[in-house]
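One letter stands for each residue in the lines below.
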Amino acid sequence: MKFFIDTANLAAIEEANSLGVLDGVTTNPSLMAKEGISGKENIISHYKKICEIVDGDISAEVLSTTFEEMIKEGEELAALHPNIVVKIPMIKDGVKAIKYFSQKGIRTNCTLIFSPGQALLAAKAGASYVSPFLGRLDDISTDGLHLIEEIRLIFDNYGYETEILAASIRHSMHIINCAKIGADVVTCPLQPILSLLNHPLTDNGLAQFIKDSQKMI
């Protein structure tokens, strides 16, 4: 399973990359705004900086919602770096744009997926990734992990090569359960990734090893 970090914070990206397990980055307008990044030139410059840090797929989201505007914006983003994946919203014009980009050899990530039908349409149109938001489904008392299971079954049934990129990951158990179900990728903030390191028995064991090693000296 691939690990992506879902942020626009360069320090967090660098820290995750230093672990040696990072495969890519996802961003969105909200994450850019959180870092105080606005304006086309600044956003473009920030994507370039991310591409310099991580040697992996970088999802760059279009801000447009019409077919023509998404095509123009997506082509500009794709031209920035070979690792850029154009992030497209799950709307009618978005599906049309995914089909267009797939025919042009431009990779896409269909975002804001909340149902198996949406994932199926995106895969049928040729999306490289679909991003089901499991945490947001959990927030409204719906089983987000079940959505991942349904998409996995459908894609396996028909041999779709579209990768399932589990998004809206809130904690380490989301990551573990996505791995069990067969998600191809998880994307999340830095903290859930770091939480995978933690176990009290590891801490206790290490403390004992250190204590015993001091006796040997």
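An account of the accompanying structure is given in this report.

Glancing now at unusual backbone geometry. Not every positive phi belongs to a glycine, and L112 is a case in point at roughly 65°. The topology assignment puts L112 in strand 5 (residues 108-113). Residue classification places L112 among the partly exposed residues on the basis of a relative accessible area of 35%. For S168, which is not a glycine, the phi torsion comes out positive at approximately 55°. Along the chain, S168 falls in the loop between strand 7 (163-166) and helix 9 (172-181). With a relative accessible area of 12%, S168 lands in the buried category.

In the structure shown here, the tally under the stated rule is zero disulfides. You can see C110 has no disulfide; the closest cysteine sulfur is in C178, sitting 17 Å from it. Residue C110 is classed as buried on the basis of its relative accessible area of 0%. The thiol of C188 is not disulfide-bonded; the next cysteine sulfur, from C178, is found 9.5 Å away. On the basis of relative accessibility, which here comes to 1%, the residue C188 falls in the buried class.

The rules behind the values
- Residues numbered from 1 in each chain as written.
- Predicted model: local features only at pLDDT ≥ 70, side-chain atom pairs only at ≥ 80, totals over all residues.
- Heavy atoms only, no water.
- Helix = DSSP H or I, 4+ residues; strand = E, 2+ residues; numbered from the N terminus.
- Buried < 20%, exposed > 50% of the residue type's maximum accessible area, 1.4 Å probe, protein only.
- Disulfide = S-S within 2.5 Å.

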